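Structural characterization, general
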Amino acid sequence: MKKIIYILLGLVFGVIMYKSEAASWFRIYEMFRFESFHMYGIIGTALAFGILFVQIIKKFKIKDIDGQPIVIEDKEKSVPRYLIGGIIFGLGWALAGACPGPIFVLVGAGFVPILILLLSAVLGTFVYGLLKDKLPH
Amino acid sequence: MDFIFQPWPWFISGFLIALLMFGLLLLGKRFGMSSNLRTFCSMCGGGKVNSFFNYNWKKESWNLFVVIGAILGGFIASHYLSVNTMPDLSESTKLALQDLNISSKNGYLPYELFSMAALSNAKTWAILIVGGFFIGFGARYAGGCTSGHAISGLSNLQLPSLIAVVGFFIGGLFMVHVLFPFIF
């Protein structure tokens, strides 16, 4: 039953990503050129409501569906891993014009070359795992 | 009904994304898409090669159903809810596309990169492979991607996520403004 809920949430996510054009290479390119408010508007609105929802959860100590308190773990403190990792991700995001979520959406939309991007992203994750202990974190 | 077929305005999309994140939190989960890439590695036996992939991935399998849904959503949106025209870009972006040899009369994605015909060009392969590799490597190194850091992490006012997002933009701006003229 829960599986169906996750599939439905993913489906809504896919439709939003596609319909908002956040999954379009062109919009990412335009965003990094600062020539449209579109992507900033999407991220900004998501963030404004996201902060509001998280504050509501914390203030009213809302529990999840299983009755467990919702605790959002703090990310570990570090600068190098977020900065270096972030820069590498940004290079790929701009070059391919897609981030991990939209990659799956575009697979569904039938763009076959996206599969190369997806396989390569899995490979990149795998190589990170191999090199993890040698990288500054 | 016409509204459905038009691109959705940013404020509606942004609100719906936040609502999705809220829904996942209420289900006891966290919104993040790039962790699925690690799960794929583990499913394929990556744990035998490296301890980073040796974890109970079945616990994260709920996220794979989100992925299945996202694929279905992409199919439905592109086939039944869209006219698949090119995004309504600003004139200056269209002009800049000409310098990259990308036509401003494309569809949802540039044909020059994402059509079957484009795959006859070795450069297309190089761009897709390098781009994908950086996305996968960088997302895991940074501990998350756009959804995990820019939406989830920042919503929880996490400084590490802000550093990651600053990194995303340093990388993205460098790619578009400095490297693109050499690549395209």
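Before any of the text, the structure's been laid out above.
Structure report, in brief.

Definitions and cut-offs
- Residues numbered from 1 in each chain as written.
- Chains lettered and ligands numbered in written order.
- Predicted model: local features only at pLDDT ≥ 70, side-chain atom pairs only at ≥ 80, totals over all residues.
- Heavy atoms only, no water.
- Helix = DSSP H or I, 4+ residues; strand = E, 2+ residues; numbered from the N terminus.
- Buried < 20%, exposed > 50% of the residue type's maximum accessible area, 1.4 Å probe, protein only.
- Lys, Arg positive; Asp, Glu negative; His and termini not counted.
- Charge placed at Lys NZ, Arg CZ, Asp CG, Glu CD.
- Contact = heavy atoms within 4.5 Å.
- Areas by Shrake-Rupley, 256 points an atom, 1.4 Å probe, with all protein chains shown as cover.
- Phe/Tyr/Trp six-rings, centres within 6.5 Å; stacked < 30°, edge-to-face > 60°.
- Lys NZ or Arg CZ within 6 Å of the ring centre and 35° of its normal.
- Core = buried A, V, L, I, M, F, W, Y, C linked by side-chain atoms within 4.5 Å.
- Domains from an automatic or database assignment.
- Axes fitted to C-alpha atoms, helices over the stretch in contact; angles between N-to-C directions.
- Parallel < 35°, antiparallel > 145°, perpendicular 65-115°, else oblique.
- Left-handed = near helix turned anticlockwise from the far one by under 90°.
- Nonpolar A, V, L, I, M, F, W, Y, C, P; charged D, E, K, R; others polar.

With respect to the overall build of chain A
Summing up its helical and strand segments, chain A has six helices and zero strands in all. Each helix and strand of chain A, ordered N terminal to C terminal, gives the series α-α-α-α-α-α. If one aligns the C-alpha atoms of chain A with their principal axes, the spans along those axes are about 45 × 40 × 35 Å. Put simply, chain A has 137 residues, and 58% of those count as buried. Across chain A, the centroid of the 14 positively charged side chains sits 4 Å from that of the 9 negatively charged ones.

Notes on the overall build of chain B
The number of helices and strands found in chain B is nine helices and zero strands. By its C-alpha atoms, chain B is 50 × 45 × 35 Å across when sized along the principal axes. Out of the 184 residues belonging to chain B, those deemed buried represent 53%. In chain B, the share of contacts with a sequence separation of at least 24, taken over all contacts with a separation of at least 6, comes to 42%. By element, 68% of the accessible surface of chain B is carried by carbon and sulfur atoms, the whole surface being about 8200 Å².

Re the packing of aromatic side chains
For the structure shown, the criterion picks out 31 aromatic pairs over all chains. Where Phe126 of chain A meets Phe53 of chain B, the ring centres are 5.3 Å apart and the plane angle is 20°; that geometry is what we call stacked. With one member in each of two chains, Phe126 of chain A in helix α6 (residues 114-131) and Phe53 of chain B in the loop between α3 (35-43) and α4 (61-80) form a pair that bridges those chains. Among the residues examined, Phe126 of chain A registers a relative accessible area of 21% and is labelled partly exposed. Residue Phe53 of chain B is classed as buried on the basis of its relative accessible area of 2%. Every member of this aromatic cluster is reached through a ring pair, and the members are Phe32, Phe34, Tyr40, Phe89 and Trp93 of chain A together with Phe168 and Phe169 of chain B. Across the ring face of Phe52 of chain B, the terminal group of Arg38 of chain B is positioned such that the distance to the ring centre comes to 4.1 Å.

A short note on α3 of chain B
Among all positions of α3 of chain B, only Asn36, Leu37, Thr39, Cys41 and Ser42 of chain B are buried. Looking at the packing, one finds that the buried side of α3 of chain B touches α5 (100-108) and α6 of chain A together with α4 and α7 (122-141) of chain B. Gly45 of chain B, located one to two residues past α3 of chain B, shows a positive phi value of around 90°.

Regarding the nonpolar core
With 101 residues, the main nonpolar core has Trp25 of chain A together with Leu97 and Phe180 of chain B as its most contacted residues. No fewer than three residues from each of domain 1 (1-73) and domain 2 (75-137) of chain A sit in this core.

Comments concerning the packing of helix α1 (residues 2-19) of chain A against helix α2 (residues 10-26) of chain B
If you want to describe how two helices pack, look at the angle between their axes and the distance between the axes. Running from N to C, α1 of chain A and α2 of chain B point in directions that differ by 160°, and their axes come no closer than 10 Å. Relative to α2 of chain B, the element α1 of chain A is oriented roughly antiparallel. The element α1 of chain A and its partner α2 of chain B pack so that their crossing is left-handed. Judged by residue contacts, Tyr6, Leu9, Phe13, Ile16 and Met17 of chain A of α1 of chain A engage Ser13, Leu16, Ile17, Leu20 and Leu24 of chain B from α2 of chain B. Looking at side-chain class alone, the contact of α1 of chain A with α2 of chain B contains nine nonpolar, one polar and no charged residues.

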